[in-house]
Amino acid sequence: LVVAPNLYLVTDAAADNLTAFVAGGGSLLLSCFSGIVDEHDHVRLGGYPAPFRELLGLRVEELWPLLPGETLAVRSAELGPFAGSLWSEAVKAEGAEVLAEVDGGDLDGTPVLLRHRHGAGTGWYLATRPEPAAMARILARAGAEAGVGPVAPVAPGVEAVRRTGGGGSWLFLLNHHDRPVSTALPSPAVDLLTGRRLEGTITLERFGVAVLAQEGS
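What you see is a predicted model; the values in this text were computed from it and never measured.

**Q** Now, about the environment of Leu29: what can you tell me, with residues and values included?
**A** Examined against the element boundaries, Leu29 turns out to sit in strand β2 (residues 27-31). We classify Leu29 as buried; its relative accessible area is 3%. The spatial distance from the C-alpha of Leu29 to the C-alpha of Ala4 is 6.1 Å, given a sequence separation of 25 residues. The contacts of Leu29, once residues within four sequence positions are left out, are Leu1, Val2, Val3, Ala4, Trp124, Tyr125, Ile138 and Leu139.

The following block contains the structure:
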């Protein structure tokens, strides 16, 4: 899964790479105000997002920025209602499936979230900036359909990254909170920074870090 928010400037080569990635079985989530100009800041012609229209199965007919403090009401049978901010667009589906649309106002019924099969993969397009909870639902949905999941089931605000090499595997945990956080461990492990053996859970201090080696690795 590739997530490309606000890809305003994009070269032909980069657009071709993303298109080939999706055609080969990948998933791309592209958000609003994308595909507008080339690397020389020259506006692309032919409707937006110009180099991705076929991949996404849609056409953006008009850019519709929102005023400060203005929100966009969105309805979705699959994701529930949510609000967008900062930006909206007059989008026309040209083969894409509409998963969410504007609820009321001048753009009532206009697609906001679309999904389109392209080759062996899937292109997603998001035409506003959703509130955080809705963004989390959208990303989780796109990730699940792409077969992408977290490397470990950790508490909110804890980042988990797995590194492998040289026959070993290490799980890095980073606490982004300014308070201690406890999170579950996928299996017994040794924290290489402290030498402690851990099982069940680990408590990370504020902005704390742990580097875990699974027992036997």
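The structure having been displayed, the exposition proceeds.
**Q** Tell me about the pattern of salt bridges, and name the residues and values.
**A** Taken as a whole and assessed by the stated rule, the structure comprises 10 salt bridges. A salt bridge links Arg141 to Glu78, with the shortest nitrogen-to-oxygen separation between them at 2.4 Å. One end of the pair, Arg141, is in helix α3 (residues 132-146); the other, Glu78, is in the loop between β4 (71-75) and β5 (82-85), with 63 residues separating them in the sequence. Given the relative accessible area of 23%, Arg141 is considered partly exposed. Between Arg115 and Glu97 there is a salt bridge, with its nearest N and O atoms 2.7 Å apart. Of the two residues, Arg115 sits in strand β8 (residues 111-118) while Glu97 sits in strand β7 (residues 97-102), which places them 18 residues apart along the sequence. Residue class for Glu97 comes out partly exposed when judged on its relative accessible area of 36%.

**Q** So what about the sheet that holds β8? Which residues, and what values?
**A** Strand order across the open sheet formed by eight strands is β1-β2-β9-β8-β7-β4-β5-β10, with mixed pairing between neighbours. This sheet does not close on itself; its edge strands, each paired only once, are β1 (2-4) and β10 (129-130). Where β4 and β7 come together, two bridges link them in antiparallel fashion. Note on β7: the bridge partner recorded for Arg75 is Glu101. Docked against the sheet, α3 engages β1, β2, β5, β8, β9 (121-126) and β10, running at close to 170° with respect to β9.

Here is what the cut-offs are and how they apply
Residues numbered from 1 in each chain as written. Predicted model: local features only at pLDDT ≥ 70, side-chain atom pairs only at ≥ 80, totals over all residues. Heavy atoms only, no water. Helix = DSSP H or I, 4+ residues; strand = E, 2+ residues; numbered from the N terminus. Buried < 20%, exposed > 50% of the residue type's maximum accessible area, 1.4 Å probe, protein only. Contact = heavy atoms within 4.5 Å. Salt bridge = Lys/Arg side-chain N within 4 Å of Asp/Glu carboxyl O. Pairing = 2+ DSSP bridges. Axes fitted to C-alpha atoms, helices over the stretch in contact; angles between N-to-C directions.

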